[in-house]
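# A structural walkthrough
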Amino acid sequence: MTFPGIEHDPTAPQVNPDLLAVEELRKAREAEYSVWVAVQNIPWGTVLAATPGMAVPASTVERLKWDQSGYVVKRTSKAGREVLERTGAATTEERERWAAEDKAAAENTTATAASTTRTRSPRRRSTASTAGDASTASTAPDQTTTTAPDTAADTEGGDS
């Protein structure tokens, strides 16, 4: 924070304009490279412009429509997280954010599971209906009785 008249104070720390310019360039570069990540090899003539996990400049993605071609995805997307984790190209901030998101999601699922187990109660079965059904129902498989003609009875005392 600057105060009025501080530019005339010889004992006040002076801002180096070169360091300010470097910091502005660093912020511009970070903004340019912090949006897109390559998900596959991106050829550029006979060489590779990017490999999976590499940061890709936003201006190039917009100009060449690499997002529509499927070469790149946003770093914040699910596919971006997957490729960054697989290649090990995630920043420390991204890893910390993902750990916090995973922890919150795990707590949410356990809270949801706990609330569903508390609200669900097992149904009580009526013993009268099951006892009545059991007395009329056969536990053995269906067996049909057939009467075959008795050949011995025809031949035993017959008039043949």
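Whatever comes next refers back to the structure up there.
Read on for an overview of the structure. Keep in mind that what you see is a predicted model, and the values were worked out from it rather than measured. (Residues numbered from 1 in each chain as written. Predicted model: local features only at pLDDT ≥ 70, side-chain atom pairs only at ≥ 80, totals over all residues. Heavy atoms only, no water.)

Once that is clear, we can look at the pattern of salt bridges. Should their charged atoms come close, side chains of opposite charge can pair. For the structure on display, the rule yields six salt bridges. Across the salt bridge formed by R75 and E94, the nearest N and O atoms sit 2.8 Å from each other. Taken together, the positions of R75 in the loop between β5 (72-74) and α4 (78-87) and E94 in helix α5 (residues 92-119) put the pair 19 residues apart, joining distant regions of the chain. R75 gets classed as buried once you look at its relative accessible area, which sits at 8%. For R97, the salt bridge is made with E101, and the minimal N-O distance between the two is 3.7 Å. (Salt bridge = Lys/Arg side-chain N within 4 Å of Asp/Glu carboxyl O. Helix = DSSP H or I, 4+ residues; strand = E, 2+ residues; numbered from the N terminus. Buried < 20%, exposed > 50% of the residue type's maximum accessible area, 1.4 Å probe, protein only.)

Moving on, we get to the nonpolar core. Among the nonpolar cores identified, the biggest contains nine residues, and these are W36, A38, I42, A50, V56, A58, V61, W66 and V72. Listing elements by their share of this core, those giving two or more residues are β1 (36-38) and α2 (58-64). Beyond its immediate chain neighbours, meaning those up to four positions away, V61 contacts W36, V56, W66, D67 and V72. By size, the runner-up hydrophobic cluster in this structure holds six residues, among which are V37, V83, L84 and W98. (Core = buried A, V, L, I, M, F, W, Y, C linked by side-chain atoms within 4.5 Å. Contact = heavy atoms within 4.5 Å.)

What follows concerns the packing of aromatic side chains. Aromatic ring pairs: the centre-centre distance and the angle between the two ring planes describe each pair. Evaluated as defined, the whole model comprises two aromatic pairs. Between W44 and W66, the aromatic rings sit 6.4 Å apart at their centres with planes inclined by 80°, giving edge-to-face as the arrangement. Linking W44 in strand β2 (residues 42-44) with W66 in helix α3 (residues 66-69), this pair joins segments that are 22 residues apart in sequence. Its relative accessible area of 8% is what places W66 among the buried residues. Seen in terms of ring centroids, W66 and Y71 are 6.3 Å apart; in terms of plane orientation they differ by 85°. Their pairing is edge-to-face. Given a relative accessible area of 24%, Y71 falls into the partly exposed group. By the ring-pair criterion, three or more aromatic residues cluster together here, those being W44, W66 and Y71. (Phe/Tyr/Trp six-rings, centres within 6.5 Å; stacked < 30°, edge-to-face > 60°.)

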